[in-house]
Amino acid sequence: MLKRETIKQAIDAIAARDAEIGYSLAELFGTGRIDVPVGPPPTTHPQRFYFTFDQQSVAVDKNSLFNEGLAAVEQPLLIKYGEMAKKLALSASESKSGYATAGRMIREAGLNLLLRHELDRALQRLDAESSGTRAAAREVLERLLGNGPEEALPRSATDPRVLFHGAVNANDCAFFMSLPFTREALMQVADLQLPFFSVRFVLRCLRNGTAPYLFACLVDGAIAGLIYLRLKTALFHKALEIKYIASAQHRPEGALQTSPVHRGVGTFLVAGAWLLWKNYYPGGREILLDSEIQASGFYESIGFEKRRPYVYSLVRPAGRLTYVLAVMVDRSRTVPPAVLGEMATVIKDQVRLLVRTKPADPRRELALHFLKLCLLSRSRPDLARSAAQGLLKYKSRVPEAGPLLELATAHGRITIVDPPPAAAHPLLVFKDGAMQSHLQGIFHLENANRLKAMDEVLAAAELAPYWKALCARPAEKEALAWVHTPAHIARIAATAGRQLYAIDLDTQTTSTSYETACLAVGGIFNLLDAIMAGPSRRGFAAVRPPGHHAEPDKAMGFCLFNNAALAACYLNHAHGVRRVMIVDIDAHHGNGTQAAFVQSREVLFFSMHQFPCYPGTGNYGEVGQGAGEGYSVNVPLDKGMGDSEFGKVIQRMVDPLARAYEPDMLLVSCGFDLYQHDRLAGLNGTPAGYAMLTRQLCRIADTVCGGRIAFLMEGGYSIQGIRECGRSVIQELCGLPSMEAERLEKTIAAPVSFAALQKSIAVHAKYWSILRQ
């Protein structure tokens, strides 16, 4: 426990720099308002000593006391004195603050007093020292004392101060960066009261030039942990030493930060140190640290090996450190090739661990989680490639290898198949860079990045032998008039050359929009010509603007001309096709396509979509009119529905309806907004689900119309969703099947239907007897 003599010495040290505060603290000490506890304090912790201040228990960290001496007692004394002075000022003030506001003001007053005191002390020490960093350190200290404007702590991964971007807790965004010397950062350091990392220690690092070795973990703009490194050289041996590391294990009483403490900060800091080592100190052979007995288990679990008592060395990461590194490497802006090479070695180690350990070994779960993260890496294909190569090598000895590789291929990160013979009938693809000019220069969710995402998918080397590009052509006004009124066509044509024209709140045009929309329609016509000519029977049109909301007499919902409706009309006019089935799998109802054929039997329109949702149409009762009654089929889906429901809709309704209707061709209005993270919908589709839907629809086309099927791109406003789900669609169309999709398809075989599907079947059974079977 603390002795009264220690507290008295700390008060004397404060008085030597601030006589007024020292005198007041001495008075409080003399009258017993500052004292050591008579009995055990109300709350105890094995790593803390306690004293009392106005009958409040105040903690002093043992490590800080042993490392910093009296400073570990001085600082809580100053904080409590500043808080006491603020309480008195608030009591005397006529203006009253709320409890929470007053509590924050009191805490800030204590921290500000401590910070001012330590900054003055650091300046005095700097004057007495001879250091090559004096001028730079003085400039920083004077800036901190001046209370001028300063840069806020980073909240975005694009901030240039962020070295590495990763995650703590399960998936909370975290940044690894040099500790910023700002008042905000130092206030947080003081507020956290981390072992080793007092404000005095941090300012000492500034004075002696070792501040560049201080690093922080930031979560949501707040410091969650700190690490202090140093280079260690002995003869020809170089190492990077973790001198101190600490993370917030609890919030001190009255702390400004009130959010729960974060889990995994210590591992995150070690991961940051490992990447620093590989990035900036490649000559170092290892990472070293001195560990306390109670922390040795943690360090051993993440790959540290005992060298001698309390000294540990990290050469190869293990356990939780591996997947923290995987996330950090995946998310960080730049990662040198050397680091990716080191990560490949870590991956090999974890695969070998799976080979040599038994199924019950707890380390397997961590290794499998790490490999899964690598296989699903969003931005580092090298990680996925290394993990796949390792699992393929030991596939017969690692039972989990098969499911992991299937998961990776299902999500489009890698393609692992027995190479089939060169496709005799490649997928026909229409895409054209000119369509990216629509809405160029303005912010809009329907932007060129959507097509760029599909370009990335199609650029994959493994897909190159399986698809063939088609050229573009603009559609004629006469062709547009098959669906749209002359007034509507003229209205869109009149926007040509205008920098920006708003049709409604959602739908705008720019100078090239009319030209682009005509190009999209004409390109689809070329695609249909190629499919009808054969021998290729499958096609995909990566086009924009989308079309299924455009009605005969108006543009809406980002759509100018109705691509799918015009495609159906083109098949009739150019190829004599009498029956076309349009399957709309966009999250939003294809109101425009339905309106175009509401009184026609030449097109069977089917849509599954979120309801209620934009545009507000597509309920059960919308079945068509006149001769077209029964030829508009809608399945309104509840928010949150996903792959299972989508697959059952295709199986229970689209398949039997297609067999009964016998179309000459299947058109698919393919929106990528069924995706679970789409910005304008609330459904739960996955890339595997899109692969399953594509497989189902192609199978239907093979059965009823000789395999003739064309996917026309509609909505979808998550670029990641377009990329991942688009890859799944293209792979299936190219005949590169997904094992995950096959497994998912098996789960929909059970004869259980959900309410929306049952109701749609009941509504349309009166028109289609096949639904009553």
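If you had to explain the overall build of the protein chain to someone new, which residues and values would you point to?
Each helix and strand counted, the protein chain has 26 helices and 21 strands in total. For the C-alpha atoms alone, the extent of the protein chain along its principal axes is close to 100 × 70 × 50 Å. Here the protein chain, with 773 residues, has 57% of them falling under the buried criterion. Of the contacts formed within the protein chain by residues at least 6 apart in sequence, a portion of 71% connects residues at least 24 apart. For the protein chain, the accessible surface area stands at approximately 32800 Å², while carbon and sulfur atoms represent 53% of it.

Lay out the packing of helix 1 (residues 4-17) against helix 4 (residues 71-92) in plain terms, naming residues and giving numbers.
One way to put it is that helix 1 packs onto helix 4 with a least axis distance of 9 Å and a crossing angle of 70°. Regarding the angle of helix 1 to helix 4, the classification is roughly perpendicular. Here helix 1 runs over helix 4; the crossing is right-handed. The segment helix 1 lies against helix 4, with Thr-6, Ile-7, Ala-10, Ile-11, Ala-13, Ile-14 and Arg-17 engaging Val-73, Glu-74, Leu-77 and Leu-78.

An account of the side chain of Ser-377 is needed here, citing residue identities and associated values.
Tracing the backbone shows Ser-377 in the loop between helix 13 (363-375) and helix 14 (381-393). Among the polar contacts listed, one links the side chain of Ser-377 to the backbone nitrogen of Arg-380, at a separation of 3.0 Å.

An account of the sheet that holds strand 2 (residues 48-53) is needed here, citing residue identities and associated values.
With antiparallel pairing, 3 strands are arranged side by side in an open sheet as 1-2-3. Looking at strand neighbours, the two that pair on one side only are strand 1 (34-35) and strand 3 (56-61), the edges of this open sheet. Inspection of the sheet shows strand 2 paired to strand 3 by 6 bridges, in the antiparallel sense. Within strand 3, the position partnered with Phe-51 by the bridge is Val-58.

Summarise the side chain of His-548; cite the residues concerned and give the values.
Looking at the element boundaries, His-548 is found in the loop between strand 16 (538-541) and helix 20 (563-575). A distance of 3.4 Å separates a polar atom in the side chain of His-548 from a polar atom in the side chain of His-549. Side chain to side chain, His-548 and Asp-584 meet in a polar contact 2.7 Å long. When residues no more than four places from it in sequence are discounted, the contact partners of His-548 are Cys-559, Asn-562, Asp-584, Asp-586, His-588, His-589, Gly-590, Asn-591, Gly-592, Thr-593, Ser-669 and Glu-714.

I'd like a description of the nonpolar core, backed by residues and values.
A general tendency of soluble globular proteins is for nonpolar side chains to be buried together. Judged by nonpolar contacts, the single largest core of 113 residues is most densely connected at Phe-540, Phe-561, Met-581, Phe-606, Met-608, Leu-667 and Phe-672. The biggest single contributor to this core is helix 19 (residues 513-533), with 11 residues. Setting aside its immediate chain neighbours within four residues, Leu-667 contacts Leu-528, Ala-564, Ala-567, Ala-568, Leu-571, Val-580, Met-581, Ile-582, Val-583 and Ala-710. Ala-10, Leu-192, Ala-246 and Leu-256 belong to the second largest nonpolar core, which has 68 residues in total.

I'd like a description of the environment of Thr-617, backed by residues and values.
Within the element layout of this structure, Thr-617 appears in the loop between strand 18 (603-610) and strand 19 (632-637). Measuring from C-alpha to C-alpha, the distance between Thr-617 and Arg-364 comes to 51 Å, with 253 residues separating the pair along the chain. Excluding residues that lie within four positions of it along the chain, Thr-617 makes contacts with His-589, Asn-591, His-609, Phe-611 and Glu-622.

Give me the sheet that holds strand 13 (residues 467-470): which residues, what numbers.
The sheet built from 8 strands is open, its strands ordered 13-12-16-21-20-17-18-19 with parallel pairing. The two strands at the open ends of the sheet, each matched to only one other strand, are strand 13 and strand 19. Averaged over all pairs of adjacent strands, the angle between strand axes in this sheet comes to 15°, irrespective of strand direction. Pairing of strand 16 with strand 21 (residues 709-713), which is carried by 4 bridges, proceeds in the parallel orientation. Within strand 21, the residue paired with Phe-540 across the bridge is Phe-711. Sheet strands touched by helix 22 (residues 643-661): strand 17 (580-584), strand 18 and strand 19. Its angle to strand 18, the strand with the most contacts, is close to 175°. Packing of helix 24 (residues 719-733) onto the sheet brings it into contact with strand 12 (427-430), strand 16 and strand 21, and relative to strand 16 it is tilted by some 160°.

Conventions adopted
- Residues numbered from 1 in each chain as written.
- Predicted model: local features only at pLDDT ≥ 70, side-chain atom pairs only at ≥ 80, totals over all residues.
- Heavy atoms only, no water.
- Helix = DSSP H or I, 4+ residues; strand = E, 2+ residues; numbered from the N terminus.
- Buried < 20%, exposed > 50% of the residue type's maximum accessible area, 1.4 Å probe, protein only.
- Contact = heavy atoms within 4.5 Å.
- Areas by Shrake-Rupley, 256 points an atom, 1.4 Å probe, with all protein chains shown as cover.
- Axes fitted to C-alpha atoms, helices over the stretch in contact; angles between N-to-C directions.
- Parallel < 35°, antiparallel > 145°, perpendicular 65-115°, else oblique.
- Left-handed = near helix turned anticlockwise from the far one by under 90°.
- Polar contact = N/O pair within 3.5 Å; in protein donor to acceptor, adjacent residues only side chain to side chain.
- Pairing = 2+ DSSP bridges.
- Core = buried A, V, L, I, M, F, W, Y, C linked by side-chain atoms within 4.5 Å.

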